[in-house]
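# Results of the structural survey
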Amino acid sequence: MSQTSDPQSPSRIWGGRFASGPAAVMQEINASIGFDKRLYRQDIAGSRAHCAMLATCGIISEADANAITSGLQTILAEIEAGTFPFRVAFEDIHMNVEARLAELIGEAAGRLHTARSRNDQVATDFKLWVRDTLATVDAGLAALQAALLTQAEAHADAVMPGFTHLQTAQPVTFGHHMLAYVEMFGRDRGRMADARARAEECPLGAAALAGTSFPIDRAMTAKALGFAGPTRNSLDSVSDRDFALEALSAAAIAGVHLSRLAEELVIWTSAQFAFVRLPDSFSTGSSIMPQKRNPDAAELCRAKAGRLIADLNALLIVMKGLPLAYSKDMQDDKEPTFEAFDTLALCLAAMTGMISELTVDRAACKAAAGKAFATATDLADWLVRVLGMPFREAHHVTGTLVKAAEAKGCDLIDLPLAEMRAVEPRVTEDVYSVLTVDSSAASRTSFGGTAPAQVRLQCAEARRRFGL
């Protein structure tokens, strides 16, 4: 059998233009089957939809369509059973499936590629994969939100220091702190949903770049694959990777949120803070120091955020200089996207486990909240509210009292009334009622504030709003 008539020959797939196969190094750099074989479900779904449309439009016979559909079902079963013969010589998942289909059903396999190109085929497969994966990521984000909410509800009244510049600022509640991340990951879910909403147009039928002369029904294939409709410009259809860029951007931002939470777990589990304790299942030891409990899972989540950012950057760089329409550079769209979402899924699972199982030391949190004059703002607010003092003047008076307490080596609540009156004669005994950390936190009742009552309301509202 000649090389060009052999259905197993890559040059047969490419057509009569090539008399010989690629050099070994060309085959190595050109092949993508090592990573794009994970698109097999999407590729077979796209081929089945395309086949059904071709038959409905009278472009191929029902007999050929039935043979193709049966062959594709066999291939799907082989891949899922682990018996499919993936071959680097056929470059990618699309050609591997087509070559195997030819082995199974013969000449009819060659009719499947009528009115389509690998360009619109891969764009469709990849978009389907991204859409499917965004739904999976949403579930992972929701699980993390649920774990955070459980901790927030359990510790709605557990007082801890709130920080700015990593310096003690004002007392907050642990529940309030957890709710901050519920909001962050809620926005991440919104970004994932937005990315999915803009991936609702199907590229299949755009062919190589110009559309096709066959009387196809692109709306039919779009509907069969769960898209809202077909893409509107054939050039853009095969050139677009915005759907992957948007998904990667959302993933990178989610990674930054995971990293910030991981950093707090690293800080909070240190002996210097001791606010929380991670379980043994999410801690490691030291090869030399028997006492160590290292928060390695948190540290790795913190590190892997950098990979998510790098994956987004990699695809942005691939796409930034490409003229329309398809260029082989775009084959490098999948590896960073696959890696990013594998990494994100792993980090979400690890963080959900850590948050679900961490133990909060309420006493340590409260003790830390009472240090570093954390209720100074409450004193200033009391001067405004009770004495009618302008806030800027109250700020100055409070600063003077903080300085006096610092000189005595005591906190504001321990500063004698006489010394307070030496700075502001109108101060009364009532001032001490606002200088405890519990009263400070409880007083912050504004919408979204840290007061336990507000935290409980926000927990209930978050469960409703995020479907948790």
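Right above here is the structure, for reference.
Now for a description of the structure that goes with this document. These numbers were taken from a predicted model, which means no experiment stands behind them.

Let us now look at the overall build of the protein chain. Across its full length, the protein chain carries 19 helices and six strands. Relative to a compact globule of 468 residues, whose C-alpha radius of gyration would be 23 Å, the protein chain shows 31 Å and is clearly more extended. Judged by the C-alpha coordinates and their principal axes, the protein chain covers about 105 × 55 × 35 Å. Surface exposure of the protein chain reaches about 21,200 Å², of which carbon and sulfur atoms provide 55%. Treating the 46 positive side-chain charges of the protein chain as one cloud and the 55 negative ones as another, the clouds have centres 2 Å apart.

Time to look at the environment of F86. With respect to the helices, strands and loops of the structure, F86 is situated in the loop between α5 (62–81) and α6 (93–105). With relative accessibility at 31%, the residue F86 sits in the partly exposed group. In this structure the C-alpha to C-alpha distance between F86 and A325, which are 239 residues apart in sequence, comes to 29 Å. Sequence-distant contacts of F86, defined by excluding residues within four places in its chain, comprise I33, K37, I79, I93 and N96.

Relative to strand β2 (residues 167–173), strand β1 (residues 159–164) is paired through six bridges, and the arrangement is antiparallel. Residue pairing for β2: M160 is matched across the bridge by V172.

So, on to the pattern of salt bridges. Considering all chains together, one arrives at 32 salt bridges under this definition. D92 is the salt-bridge partner of R118, the closest N and O atoms lying 2.7 Å from each other. Here the residue R118 occupies a position in helix α7 (residues 118–154), and D92 occupies one in the loop between α5 and α6, the gap between them amounting to 26 residues. Residue R191 is joined to D188 by a salt bridge in which the shortest nitrogen-to-oxygen separation is 3.1 Å. Separated by three residues within a single helix, R191 and D188 lie in helix α8 (residues 174–197), roughly one turn from each other. Classification of R191 by relative accessible area gives partly exposed; the value is 26%. Judged by relative accessible area, D188 falls into the buried class, the value being 0%. Salt bridges sharing common partners tie together E78, R87, R100 and E103.

To continue, consider the packing of aromatic side chains. Summed over all chains, the structure comprises nine aromatic pairs. Ring centres 4.7 Å apart and planes at 65° place the aromatic pair W129 and F338 in the edge-to-face group. With W129 in helix α7 and F338 in helix α13 (residues 334–357), this pair connects stretches of sequence that are 209 residues apart. F338 carries the same exposure label as W129, and that label is buried. Ring plane angle 50° and centroid distance 5.6 Å describe the contact between F174 and W268, whose orientation is recorded as tilted.

A word on helix α16 (residues 391–408). With 18 residues, α16 extends 25 Å between its outermost C-alpha atoms, agreeing within 8% with the 26 Å of an ideal straight helix rising 1.5 Å per residue. Buried within α16 we find A394, V397, T398, L401, V402 and A405. Down the axis of α16, the buried side of the element spans an arc of 145°, and every buried residue falls inside it. Exposed positions of α16 whose direction lies more than 90 degrees from the buried face are R392, H396, K403, E406 and A407. As for α16, its buried residues are in contact with α15 (376–387) and α17 (417–423). Two residues or fewer after α16 comes G409, characterised by a positive phi angle close to 70°.

Within the element layout of this structure, A297 appears in helix α12 (residues 296–319). In this structure, the C-alpha to C-alpha distance between A297 and C347, residues 50 residues apart in sequence, is 8.6 Å. In contact with A297, other than residues within four places in its own chain, are F282 and M354.

Relative to each other, α8 and helix α19 (residues 452–465) sit at 25°, their axes nearing to 10 Å. Classified by the angle between their axes, α8 and α19 sit roughly parallel to one another. Note on packing geometry: the crossing formed by α8 with α19 is left-handed. Where α8 approaches α19, its residues G175, H176, L179, V182 and E183 are matched on the opposing element by V455, Q458, C459, A462 and R465. Residues belonging to the contact of α8 with α19 are distributed by class as follows: five nonpolar, three polar and two charged.

Our focus in this paragraph is a nonpolar patch on the surface. Together, V25, M26 and I29 make up an exposed nonpolar region whose accessible area comes to about 330 Å². In this fold, I29 is placed in helix α2 (residues 24–30). Classification of I29 as exposed rests on a relative accessible area of 67%.

What follows is about the side chain of E200. Tracing the backbone through its elements, the reader meets E200 in the loop between α8 and β3 (201–202). Residue E200 is classed as buried on the basis of its relative accessible area of 18%. One polar contact links E200 to R131, side chain to side chain, over a distance of 3.4 Å. If sequence neighbours within four positions are ignored, E200 has contacts with R131, G226, F227, A228 and G229.

The rules behind each value
Residues numbered from 1 in each chain as written. Predicted model: local features only at pLDDT ≥ 70, side-chain atom pairs only at ≥ 80, totals over all residues. Heavy atoms only, no water. Helix = DSSP H or I, 4+ residues; strand = E, 2+ residues; numbered from the N terminus. Rg over C-alpha atoms; globule rule 2.2 N^0.38 Å. Areas by Shrake-Rupley, 256 points an atom, 1.4 Å probe, with all protein chains shown as cover. Lys, Arg positive; Asp, Glu negative; His and termini not counted. Charge placed at Lys NZ, Arg CZ, Asp CG, Glu CD. Buried < 20%, exposed > 50% of the residue type's maximum accessible area, 1.4 Å probe, protein only. Contact = heavy atoms within 4.5 Å. Pairing = 2+ DSSP bridges. Salt bridge = Lys/Arg side-chain N within 4 Å of Asp/Glu carboxyl O. Phe/Tyr/Trp six-rings, centres within 6.5 Å; stacked < 30°, edge-to-face > 60°. Expected span 1.5 Å × (residues − 1). Arc of directions from axis to C-beta. Axes fitted to C-alpha atoms, helices over the stretch in contact; angles between N-to-C directions. Parallel < 35°, antiparallel > 145°, perpendicular 65-115°, else oblique. Left-handed = near helix turned anticlockwise from the far one by under 90°. Nonpolar A, V, L, I, M, F, W, Y, C, P; charged D, E, K, R; others polar. Patch = residues over 30% accessible without salt bridge, like charges linked within 9 Å, V, L, I, M, F, W, Y side chains within 5 Å. Polar contact = N/O pair within 3.5 Å; in protein donor to acceptor, adjacent residues only side chain to side chain.

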